[in-house]
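Working through the structure, step by step
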Amino acid sequence: MKKINVAIVGATGMVGRTFLKVLEERHFPIKNLYLFSSAKSAGSVVKFAGKEYIVEELTKNSFDRDIQIALFSAGGSISEKFAPIAASKGAIVVDNSSQWRMDPNVPLVVPEVNPDAVKDHKGIIANPNCSTIQAVVPLKPLQEKYKIKRVIYSTYQAVSGSGVRGVKDLENGVNGEANSFYPHQIAFNCLPHIDVFTENGYTKEEMKMVNETMKIFNNYNLKVTATTVRVPVKNCHSESINIELENPFELNDVINDLKNADGVVVIDNPEKLEYPTTIDANGNDEVFVGRIRRDFSIDNGLNFWCVADNIRKGAATNAVQIAELLLKYNLV
């Protein structure tokens, strides 16, 4: 496999460092690696594959060199400004922020679900929201076989989804110290509030799940609703997903469909109290699914529970998988 030049924007952040870890683990074919950050973190030394790299300050001239793929995780305002610059210089940007997700000219990609969408890129590809990514992976085989009519998401999202400030608030709260980031104490508590509230009463996080699910499945008639909750767990998001299917199903068939789905691990043995937890998912790239059961309150209703590492599959790993697709399809 040919080697390519890769840049990481936001290299010293939580997701940026996980980009590096995943790239190394998956033996991504890198020729030259360029690491960019804010002026505050510039000059930091980062190790990758046995070598040390000095982090550079991101500027408008950072992409005046031969870079084929740029992985961005530095926030929406940085992506808004610098992703078009990188793309104009010939790099394909895989962006982890929410900036480009709903742009009709930007593919929103989960490789297990809609891999061919990368072929339609115009220089920028968007990584979906972490909670959306882990939901659509197990929904994919059900959509293909039974057609999904409606989805109800209830999420239980870890503090790492807020970055280092969220983790710090949890640690401080456990130690009896005041929180400085969340609007209420997160330790020993649950906050039904992720991101800002919108005019319709939903939060931005909830509307991301609604809109991104429709875009990924290219079905804007799909009925989707969500309630997202921040919970006092350090890493890995959990979700209770209730779906109404158009076609009837046998429960054993659904379980087998999920067992055979790309990127899904089924842990579902109620008799032995076996089901996925955040401890199972932590540090892994798969989506773990369990508590698979019929919803008897509606025709063709189904419930299941899913857990995934939000920093890996929910962010860094998904972006690296997109980069791998670009290589697979000879797009770089």
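Scope of this entry: the structure provided in the associated data block. (Residues numbered from 1 in each chain as written. Predicted model: local features only at pLDDT ≥ 70, side-chain atom pairs only at ≥ 80, totals over all residues. Heavy atoms only, no water.)

1. Re the sheet that holds strand S9 (residues 148–157)
The strand order S10-S9-S11-S14-S13-S12 describes an open sheet built from six strands, whose pairing is mixed. Unpaired on one side and paired on the other, strand S10 (223–230) and strand S12 (264–266) mark the two borders of the sheet. Neighbour-to-neighbour, the strand axes of the sheet open up by a mean angle of 25 degrees, direction not taken into account. Sheet analysis places S9 next to strand S11 (residues 237–245), joined by eight bridges and oriented antiparallel. By the bridge assignment for S11, Ile152 is matched with Asn242. (Pairing = 2+ DSSP bridges. Helix = DSSP H or I, 4+ residues; strand = E, 2+ residues; numbered from the N terminus. Axes fitted to C-alpha atoms, helices over the stretch in contact; angles between N-to-C directions.)

2. Considerations on the packing of aromatic side chains
Counting across every chain of the model gives six aromatic pairs. An angle of 70 degrees between the planes, with centres 6.2 Å apart, marks the rings of Tyr146 and Phe249 as edge-to-face. On the criterion of sequence distance, the pair formed by Tyr146 in helix H3 (residues 130–146) and Phe249 in the loop between S11 and helix H6 (251–259) is long-range, its members being 103 residues apart. On the accessibility criterion, Tyr146 (4% relative accessible area) is buried. (Phe/Tyr/Trp six-rings, centres within 6.5 Å; stacked < 30°, edge-to-face > 60°. Buried < 20%, exposed > 50% of the residue type's maximum accessible area, 1.4 Å probe, protein only.)

3. Digging into H6
Along H6, the residues classified as buried are Val254, Ile255, Asp257 and Leu258. With its buried residues spanning 160 degrees around the axis, H6 presents them on a single face. Buried residues along H6 sit in contact with H3, S12, strand S13 (287–295) and strand S14 (301–308). (Arc of directions from axis to C-beta. Contact = heavy atoms within 4.5 Å.)

4. Thoughts on the packing of helix H1 (residues 14–25) against helix H8 (residues 312–328)
For the pair H1 and H8, interaxial distance at closest approach is 9 Å and the crossing angle is 55 degrees. By the criterion of interaxial angle, the relationship of H1 to H8 is oblique. Regarding H1 and H8, the two cross each other, and that crossing is right-handed. Residues Val15, Thr18, Phe19, Lys21, Val22, Leu23 and Glu25 of H1 lie in contact with H8, whose contacting residues are Arg312, Ala315, Ala316, Thr317, Ala319 and Val320. (Parallel < 35°, antiparallel > 145°, perpendicular 65-115°, else oblique. Left-handed = near helix turned anticlockwise from the far one by under 90°.)

5. So, helix H2 (residues 76–88)
The first and last C-alpha atoms of H2 sit 18 Å apart over 13 residues, in line with the 18 Å expected at 1.5 Å per residue. Within H2, the axis deviates most sharply at Phe82, by approximately 35 degrees, and proline Pro84 lies no more than four positions further along. Taken residue by residue, H2 has Ser79, Phe82, Ala83 and Ala86 as its buried positions. The elements touched by buried residues of H2 are strand S6 (69–72), strand S7 (92–95) and strand S8 (124–126). After H2 finishes, the residue Gly90 shows a positive phi value of roughly 105 degrees. (Expected span 1.5 Å × (residues − 1). Bend = angle between axes of the 7 residues up to and from the residue.)

6. Examining the pairing of S11
Most of S11 is tucked away: eight of the nine residues are buried. In this structure, S11 lies alongside S14, joined through eight bridges in antiparallel fashion. Bridge assignment links Ile241 to a residue of S14, and that residue is Phe304.

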